[in-house]
Amino acid sequence: RRYKEKKAEKCVADEQIAGVETGSGNRLLLFLRDAEILSVNLEKACRARDFYSGFYVERNKDGKLCVQRDTLQSRNGARCVIERMKPLKAVEE
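This write-up is about the structure you can find in this document. Chains are numbered independently. Their residues run from 1 in the order of the written sequence. It should be noted that, the model being predicted, local features are given only for residues of pLDDT at least 70 and side-chain atom pairs only at 80 or more, the latter also being counted only at that level, while totals for whole chains, interfaces and linings use all residues. Only heavy atoms go into the side-chain values, all of them from the structure, while hydrogens and water stay out.

## Thoughts on the overall build of the protein chain
In terms of helices and strands, the protein chain carries zero helices and nine strands. In DSSP terms, a helix is any run of H or I states spanning at least four residues, a strand is any run of E spanning at least two, and both are numbered starting from the N terminus. From first element to last, N terminus to C terminus, the protein chain shows the α and β order β-β-β-β-β-β-β-β-β. Only the C-alpha atoms count toward the radius of gyration. The rule for a globule is 2.2 Å times the residue count to the power 0.38. What you see for the protein chain is a C-alpha radius of gyration of 13 Å, in line with the 12 Å of a compact globule of 93 residues. The principal-axis extent of the C-alpha atoms belonging to the protein chain is close to 40 × 30 × 20 Å. Taking all 93 residues of the protein chain together, 35% fall into the buried category. Residues count as neighbours in contact if any of their non-hydrogen atoms are within 4.5 Å of one another. Sequence-distant contacts in the protein chain: of pairs separated by 6 or more residues, those separated by 24 or more amount to 49%. Summed over all atoms, the accessible surface of the protein chain reaches about 6100 Å², with 44% contributed by carbon and sulfur. Working convention for charge: Lys and Arg count positive, Asp and Glu count negative, and His plus the chain ends are omitted. Every charge is mapped to an atom, namely NZ of Lys, CZ of Arg, CG of Asp or CD of Glu. Averaged over its 20 positive side-chain charges, the protein chain has a centre that lies 3 Å from the centre of its 15 negative ones. Here the term buried applies to any residue with accessible area under 20% of the maximum for its type, exposed to any over 50%, and partly exposed to those in between, with areas from a 1.4 Å probe on protein chains only. Computed with the Shrake-Rupley method and a 1.4 Å probe, the accessible areas treat only the protein chains shown as cover for residues.

## Description of the pairing of strand β3 (residues 17–22)
At least two bridges found by DSSP between two strands are what make those strands a pair. Relative to strand β4 (residues 27–32), β3 is paired through five bridges, and the arrangement is antiparallel. Directly across from Thr22, in β4, lies its bridge partner Leu28. Where β3 folds back onto β4 in an antiparallel hairpin, the turn is made up of four residues, including Gly25, whose phi is positive at roughly 60°.

## Quick word on the side chain of Asn41
Tracing the backbone shows Asn41 in strand β5 (residues 37–42). We classify Asn41 as buried; its relative accessible area is 15%. Excluding its chain neighbours within four sequence positions, the residues that come into contact with Asn41 are Asn26, Arg27, Val81, Ile82, Glu83 and Arg84.

## Side note on the environment of Ser74
By the element assignment, Ser74 lies in strand β8 (residues 71–74). The sequence separation of Ser74 and Lys86 amounts to 12 residues, and the corresponding C-alpha distance is 21 Å. The definition of a polar contact used here is a pair of N or O atoms within 3.5 Å, where within protein one atom must be able to donate a hydrogen and the other to accept one, and adjacent residues in sequence count solely through side-chain atom pairs. At 3.5 Å, the side chain of Ser74 forms a polar contact with the backbone oxygen of Asp50. A distance of 2.3 Å separates polar atoms of two side chains, one belonging to Ser74 and the other to Asn76.

## Side note on the pairing of strand β9 (residues 79–91)
Sheet topology places strand β1 (residues 2–5) next to β9; four bridges connect them, and they run antiparallel. Residue pairing in the sheet places Glu5 in a bridge with Leu88 of β9. Pairing analysis gives six bridges linking β5 to β9, with the strands arranged antiparallel. Bridged to Leu38 within β9 is Pro87. For β8 and β9, the ladder comprises three bridges, and the chain directions are antiparallel. Each bridged residue has a counterpart across the sheet, and for Leu72 the counterpart in β9 is Cys80. Connecting the antiparallel pair β8 and β9 is a turn made up of four residues, with Gly77 showing a positive phi of about 105°.

Rendered as structure tokens:
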């Protein structure tokens with residue numbers, strides 16, 4: 001399947017995140033409970049492969065994970081700010 005990025009999202013509810021997969025470079029894919037996929041770009045100095053076994057995030061009062069606000073911490077200790085988050089939609093061929 002091919003996917004195309006759509007309009008940028010600013011936040012996603014913590015409880016909607018079902019899983020994570022590493023992408024190339026500094027990109028992660030978040031799989032949500034409603035079957036949506038979000039492409040997440042971390043700050044340039046970060047490597048997605050550091051997050052291969054998931055991440056921790058300090059929960060905020062609003063219960064959301066947001067761009068330019070929240071920092072993800074990998075299980076091996078890497079800490080990265082979320083720079084961008086966009087939903088991916090399947091493209092009909």
